[in-house]
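Structural description and commentary
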Amino acid sequence: MAAAAKKLSEFGVQRVAKGVGRLLNEVLESGSGSYVTTATGRRMLDFSCGIGVTNLGHAHPAVTKAVSAQAGKLVHGQVNIAFQRPYLELIERLIPVMPDKSLDTFFFWNSGAEAVEAAIKLARHATKKQNIIAVQGSYHGRTFGTMALTKSKTGYGQGFFPLLPGVFATPFPYCAHCSVNKATGWKYSPENCCNNPLQELELLLKRETAPSDTAAIIIEPVLGEGGYVPAAKGFLDGVREICDKNNIIFIADEVQTGFGRTGKMFAIEHWNVRPDILIMAKGIANGFPLSGIVSRKELMDLQPAGSMGGTYAGNAVSCAAGVAVAQAFKDEKILENVNQRGPELMNMLKDCAKDSKTSKLIYDVRGLGLMIGLEFQPGHNYASRLQQKCLEKDLLVLTTSIYDTIRFIPPLNISKEDMGKGIEIIRSGIEELAAEG
């Protein structure tokens, strides 16, 4: 088995596009709950969830059952030809959990990046304006349209210019990353930002992209690839006010934060702010390719028939998976589990940040629910080193951001026992780093 697995992995290294980065050159053979198993038989606790996709764990029984049943009836009901039942049933399940009653009309696509582009299409068409504002640290995808919106690191767009024109960037408030705070050593306060991001947004609208030219502002309520940074208090409210004043569409990108990841169904609920368009993907179908946007009917109805679509958009099997996911959230009290398990991990990390043995390593701990980031002091590559130590102990974790940050994305239905196991591996890894210096 080991020889065959090694041969298959070597084949992958040679024949899979080099532009696809990987954490490790292992072949994943199967997954069950919070664990994945490789072709060599190695069983690993998964705190990556396919980058926040398998929110209900691997091979969730109810999702598997729904997918199997749908595959035996209708695999592909093309959206531009006719309705298909799972597509409509999923809309019925999602309307009651939307963060605002105005979000009542849907379009499903395949990937998060496609959904972002669908949102941009809708905003430009509805406003008859072109320019889009994104925030520094944001990640919205790697397609040609979304690369221009992604501001988390240059690597995603480097060498592919020119990108989508008419994109501007404004600061996202997080004092731990502020040059003034780092230079002075002040104890930062997100509620009292010395470099007012709302003022910077207002200045951007005066200096670079006039409101009459600006279609939308797109924001992740919690930065994903930017380091798992929740929006500071008052920021999203202020953005909403600026959008209302200037006839600008507010787009909430909840590709990674949606479907319970932050302890609420959608992260924007933590701030009680209404988006004009909400983008969803990843956890919506627990691993089956599905994404979507939702907006108010008056905006969606402005688009002429035929302007939206796609061969596999809203695939019937993926939509059936989405229906099963929505039901599982109810039946299994997923949000309650997130709000129990999240503090267990967060408290351990905060304890490490206070402990005299390990505090010297840690710059910041932040996050919501089971979307938690640990940023280390710069210059020592601690995040990658901790990632490697966790891998050696059979725990999958991921790094993120241009800062030295590791992120934790365990399944939302993870058991207390498995969370405790992961916590101990992470804690011991941090302690080992501290001992090594």
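Scroll up to find the structure.
The paragraphs below set out a description of the structure included in this document. (Residues numbered from 1 in each chain as written. Predicted model: local features only at pLDDT ≥ 70, side-chain atom pairs only at ≥ 80, totals over all residues. Heavy atoms only, no water.)

1. A word on the sheet that holds strand E1 (residues 28–32)
The strand order E1-E2-E3-E15 describes an open sheet built from four strands, whose pairing is mixed. Of all strands in the sheet, those with a lone pairing partner are E1 and strand E15 (395–396), marking the two edges. Summarising the sheet, E1 and strand E2 (residues 35–38) pair through four bridges and their orientation is antiparallel. Looking across to E2, one finds that Ser30 is bridged to Thr37. (Pairing = 2+ DSSP bridges. Helix = DSSP H or I, 4+ residues; strand = E, 2+ residues; numbered from the N terminus.)

2. Focus: the environment of Leu122
Along the chain, Leu122 turns up in helix H5 (residues 112–127). Note on Leu122: relative accessible area 1%, which makes it buried. Distance from Leu122 to Val273, taken between C-alpha atoms, is 20 Å for residues 151 residues apart in sequence. Other than its neighbours up to four places away in sequence, Leu122 contacts Ile277, Ile293, Ser295, Leu299, Met300 and Gln303. (Buried < 20%, exposed > 50% of the residue type's maximum accessible area, 1.4 Å probe, protein only. Contact = heavy atoms within 4.5 Å.)

3. Comments concerning the sheet that holds strand E4 (residues 105–109)
The mixed open sheet is built from seven strands, whose spatial order is E4-E12-E11-E10-E7-E5-E6. At either end of the open sheet lies a strand with only one pairing partner, and these are E4 and strand E6 (167–170). Neighbour to neighbour, the strand axes of the sheet diverge by 20 degrees on average, direction disregarded. (Axes fitted to C-alpha atoms, helices over the stretch in contact; angles between N-to-C directions.)

4. As for the side chain of Thr105
For Thr105, the location among the structural elements is in strand E4. Polar side-chain contacts of Thr105 include one of 3.0 Å to the side chain of Asp104. Not counting chain neighbours up to four residues away, the residues in contact with Thr105 comprise Ile293, Val294, Ser295, Arg296, Lys297 and Met300. (Polar contact = N/O pair within 3.5 Å; in protein donor to acceptor, adjacent residues only side chain to side chain.)

5. As for the packing of aromatic side chains
Taken as a whole, this structure holds seven aromatic pairs when the rule is applied. When the ring of Phe107 is compared with that of Trp109, the centres are 5.4 Å apart and the planes differ by 65 degrees; the resulting orientation is edge-to-face. By relative accessible area, Phe107 is classed as buried at 9%. Residue Trp109 is classed as buried on the basis of its relative accessible area of 13%. Between Phe172 and Phe235 the ring centres are 5.7 Å apart and the planes differ by 70 degrees, which places this aromatic pair in the edge-to-face class. With a gap of 63 residues between them, Phe172 in the loop between E6 and helix H7 (179–184) and Phe235 in helix H9 (residues 235–246) connect regions that are remote in the sequence. Each of the two residues, Phe172 as well as Phe235, counts as buried. Taken together, the ring pairs connect Tyr87, Phe106 and Phe108 into an aromatic cluster. (Phe/Tyr/Trp six-rings, centres within 6.5 Å; stacked < 30°, edge-to-face > 60°.)

6. Things to note about the pattern of salt bridges
According to the stated counting rule, one finds 20 salt bridges in the structure shown. The residue Arg42 makes a salt bridge to Glu26 at a minimum N-O spacing of 3.3 Å. Here Arg42, found in the loop between E2 and strand E3 (43–46), pairs with Glu26, found in the loop between helix H1 (2–15) and E1; they are 16 residues apart in sequence, far enough to count as distant. Among the ionic pairs, Arg274 bridges to Asp276, the shortest N-O distance being 3.0 Å. Among the residues examined, Arg274 registers a relative accessible area of 27% and is labelled partly exposed. Taking the relative accessible area as the measure of exposure, Asp276 reaches 3% and is therefore buried. Salt bridges linked by common partners bring Arg240, Asp244, Arg274, Asp276, Arg296 and Glu298 together as one network. (Salt bridge = Lys/Arg side-chain N within 4 Å of Asp/Glu carboxyl O.)

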